[in-house]
Amino acid sequence: MARLPSVRHPASFFDVFTVTAVSIVVVAAVLTVWHGTFVRTEMAVFTVLVFGWVAWAINRILEESVRSSQR
């Protein structure tokens, strides 16, 4: 059974990849429909936030992996 990706507690590559792929689709759809400087600025900020989350999620996954391997 498939599970939904966790944004608050990412545990695997599946979580990071799914959130990243969905955010790329959202940005592409928004920029296709609306054109303008304000929308582009919003999408740039959204993209920066997503990549910040990705860095945090990867760091968290690696820290949990190290903790579980040391047990």
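Placed above this text is the structure.
Below: a short report on this structure. None of the values given here were measured: they were computed from a predicted structure.

Right, let's get into the nonpolar core. Note that soluble globular proteins tend to have their nonpolar side chains buried in a common cluster. Listed in full, the seven residues of the largest apolar core are Val 16, Val 19, Val 50, Trp 53, Val 54, Ala 57 and Ile 61. For this core, the element with the most residues is helix α2 (residues 37-69), which contributes five residues. Once residues within four sequence positions are removed from consideration, Ile 61 is found in contact with Pro 10, Ala 11, Ser 12 and Val 16.

Let us now look at the packing of helix α1 (residues 13-33) against α2. Two elements in contact, α1 and α2, have axes separated by 10 Å at closest approach and are oriented at 175 degrees. In terms of axis orientation, α1 runs roughly antiparallel to α2. Contacts between α1 and α2 pair Asp 15, Val 16, Val 19, Thr 20, Ser 23, Val 27, Val 30 and Leu 31 from the former with Val 39, Arg 40, Met 43, Phe 46, Thr 47, Val 50, Trp 53, Val 54, Ala 57, Ile 58 and Ile 61 from the latter. Classifying every residue of the contact of α1 with α2 gives 14 nonpolar, three polar and two charged.

Basis of the calculations
Residues numbered from 1 in each chain as written. Predicted model: local features only at pLDDT ≥ 70, side-chain atom pairs only at ≥ 80, totals over all residues. Heavy atoms only, no water. Core = buried A, V, L, I, M, F, W, Y, C linked by side-chain atoms within 4.5 Å. Buried < 20%, exposed > 50% of the residue type's maximum accessible area, 1.4 Å probe, protein only. Helix = DSSP H or I, 4+ residues; strand = E, 2+ residues; numbered from the N terminus. Contact = heavy atoms within 4.5 Å. Axes fitted to C-alpha atoms, helices over the stretch in contact; angles between N-to-C directions. Parallel < 35°, antiparallel > 145°, perpendicular 65-115°, else oblique. Nonpolar A, V, L, I, M, F, W, Y, C, P; charged D, E, K, R; others polar.

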